[in-house]
Amino acid sequence: DVVYTNIVSYNVIPLELPDSDVNDNMLDDIIWVGYVCFGIVSFSVFICLFWTFLNRSRVVVRAAQPFFLYMIAFGVLVLSGSLIPLSMDSLDPPSQTWSVGVCMSIPWFA
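Per chain, residues are indexed from 1 in the order of the written sequence. Totals for whole chains, interfaces and linings use every residue, but because this is a predicted model, local features are given only for residues with pLDDT of at least 70 and side-chain atom pairs only at 80 or more, for both listing and counting. Values reported for side chains reflect all heavy atoms of the structure, with hydrogen atoms and water molecules removed beforehand.

K.L.:
Can you explain the overall build of the chain? Please cite residues and give values.
P.N.:
Strands here are runs of E lasting at least two residues and helices are runs of H or I lasting at least four, both read from the DSSP assignment and numbered beginning at the N terminus. In terms of helices and strands, the chain carries five helices and zero strands. Mapped in sequence order, the helices and strands of the chain form the string α-α-α-α-α. Three exposure classes are used, based on accessible area relative to the maximum for each residue type with a 1.4 Å probe and protein chains only: buried under 20%, partly exposed in between, and exposed over 50%. The buried share of the chain, reckoned over its 110 residues, is 16%. In what follows, residue pairs with any heavy atoms lying within 4.5 Å of each other are defined as contacts. In the chain, of all internal contacts separated by at least 6 residues, the share reaching a separation of at least 24 is 67%.

K.L.:
Before we move on, can you summarise the confidence of the model for the chain with the specific residues and values?
P.N.:
Each residue carries a pLDDT score, the predictor's confidence in it, ranging from 0 to 100. Taken as a whole, the chain shows an average pLDDT of 86; of its residues, 85% reach a score of 70 or greater. The least confident element of the chain, judged by mean pLDDT, is helix H5 (residues 96-109) at 88; the most confident is helix H3 (residues 66-80) at 96.

K.L.:
Please give an account of unusual backbone geometry that cites residues and values.
P.N.:
Both trends apply: most residues other than glycine have a negative phi, and most peptide bonds are in trans. Positioned with a positive phi, Gln-65 is a non-glycine residue whose angle comes to about 60°. As for its position among the elements, Gln-65 is in the loop between helix H2 (59-63) and H3. For Gln-65, a relative accessible area of 46% translates into the label partly exposed.

Now the structure itself:
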């Protein structure tokens, strides 16, 4: 037996589509949290750099190599720099190029 189906009935698109309700997951009121976190991390990095500079002649710091400690602190600063573009909403960007640049800077920082 051959059973025939009406394939057209499966592909019917209604003429009037409902309005789409898109949730863009914008940050709204918590947009400043990323900036504050970046400020806290940056301040902590500069305190660590200053402490390393002051104690560079001590045995513990010399054993850990001050240059290596500076590189680690700089790496933490660059990594925390990804918090800034992550805190930016794309609700009203100045231009399309700006939005793409912000979006593409996140993997480079992280």
